[in-house]
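# Notes for the structure review
Each chain, letter by letter, is given below.
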Amino acid sequence: MKRSPIEHFLPPELVERLEIDRRQAGQEAIPLSKIRPRSQPRKRFEGASLEALAESIRAHGVLEPLLVRRAGEGYEIIAGERRYRAAKLAGLTMVPAIVLEVDERTAQAIALMENLQREDLNPYEETLGVLDLLALELGRSREEVVSLLYRMWNEVKGKITRNVAGNPEAQKVEEVFRTLGHLDWQTFVRHRLPLLTLPEDLKEALEEGSIPYTAALELKKVKDEALRRELLEEVKGGLSLRDLKARIREAMRKEEPGPTWHREVLKRLARLDLEALPAEKREVVEAYLHAIAKELNIGRG
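If you're wondering where the values come from, they're calculated on a predicted model, not measured in any experiment.

## Examining the nonpolar core
One finds Leu134, Leu149, Val173, Phe177, Leu180, Trp185 and Phe188 to be the most contacted residues of the largest nonpolar core, which totals 28 residues. Of all the secondary structure elements, the ones that give two or more residues to this core are helix 4 (104-116), helix 5 (123-138), helix 6 (142-156), helix 7 (168-180) and helix 8 (185-192). A per-element tally of this core places helix 5 first, with seven residues. If sequence neighbours within four positions are ignored, Phe188 has contacts with Thr127, Val130, Leu131, Leu149, Phe177, Leu183 and Leu193. Counting 20 residues, the second-largest nonpolar core is a separate cluster that includes Leu202, Leu206, Ala216 and Leu219.

Here it is in structure tokens:
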């Protein structure tokens, strides 16, 4: 049987336990009052979406058990907080759960992988989730992982001497992305890491799912905050990416300072062939050049 992405990050005995539990007809029922959420990757739980899930739970129950571990006299959620919140909203008092005996690192890996497999995951959340998974696998901070990825990218592009590619950390990065399956590390660096430096208004819109990440990256180019807000609202209203790019190009063209007259004169003088000018015009131009040279204390040589 093909292993799911999450199982690549778990001990073999735990993978076997999960498969056994998932095949069982019944699950362990645990009181909601004994379950508490843990700090986990997902920050937003949408109102309408949560209410829809609550309605489904009222009608059919919780179809996918929560993954929990023991914590004190109760249980801590490893994966399934949205189901937990919806079950509370639906008025349930008990929920099905699989109780795992795992350490903190394994619990974090499960939570991250479950989060990354969500269908409604937005690109910004996915970017943070992938970075946190890499940080966990490498034993580094999120910032150190970003730095490592950019060093790997610069090596591939020939911008720095090769000293990262092929080392154990780079190999682990490539292995994690192969396991995730739908995104390679170079695409991640090129298209996802720039999301980390988005202005707050764009980051919020992306997290809400009201704009695609491609539009967010285009809007990031607009430095005029008022114009960016205006374009952001138009994107939310249905402005296409193609039209957005055209609007931004036009705005940036208007912002570019045109060439000043004296720079244009200097460029033309640099290309000027005095010998090719008619005699009268040459005398006039030379007179002006002598006057300029005198004014600027430039010796005639």
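## Considerations on the packing of helix 5 against helix 6
Their axes nearest at 9 Å, the elements helix 5 and helix 6 cross at an angle of 95°. One element, helix 5, and the other, helix 6, form an angle in the roughly perpendicular class. Contact with helix 5, carried on its side by Leu128, Leu131, Asp132, Leu134, Ala135 and Leu138, involves Arg142, Val145, Val146, Leu148 and Leu149 of helix 6 and no other residues of that element. Looking at the contact of helix 5 with helix 6, its residues break down into nine nonpolar, no polar and two charged.

## Side note on the pattern of salt bridges
The final tally for this structure, using the stated rule, is 23 salt bridges. A salt bridge links Glu126 to Arg192; its shortest N-O distance comes to 2.5 Å. Taken as a pair, Glu126 in helix 5 and Arg192 in helix 8 lie far apart in primary sequence, 66 residues in all. Judged by its relative accessible area of 9%, Glu126 is buried. Put simply, Lys172 and Glu137 hold a salt bridge, and the shortest N to O gap is 3.7 Å. Residue Lys172 is found in helix 7, and its partner Glu137 is found in helix 5; the two are separated by 35 residues along the sequence. Among the residues examined, Lys172 registers a relative accessible area of 25% and is labelled partly exposed. Here the salt bridges do not stand alone but share partners, grouping Arg36, Arg69, Glu76 and Glu104 into one network.

The rules behind these values
Residues numbered from 1 in each chain as written. Predicted model: local features only at pLDDT ≥ 70, side-chain atom pairs only at ≥ 80, totals over all residues. Heavy atoms only, no water. Core = buried A, V, L, I, M, F, W, Y, C linked by side-chain atoms within 4.5 Å. Buried < 20%, exposed > 50% of the residue type's maximum accessible area, 1.4 Å probe, protein only. Helix = DSSP H or I, 4+ residues; strand = E, 2+ residues; numbered from the N terminus. Contact = heavy atoms within 4.5 Å. Axes fitted to C-alpha atoms, helices over the stretch in contact; angles between N-to-C directions. Parallel < 35°, antiparallel > 145°, perpendicular 65-115°, else oblique. Nonpolar A, V, L, I, M, F, W, Y, C, P; charged D, E, K, R; others polar. Salt bridge = Lys/Arg side-chain N within 4 Å of Asp/Glu carboxyl O.

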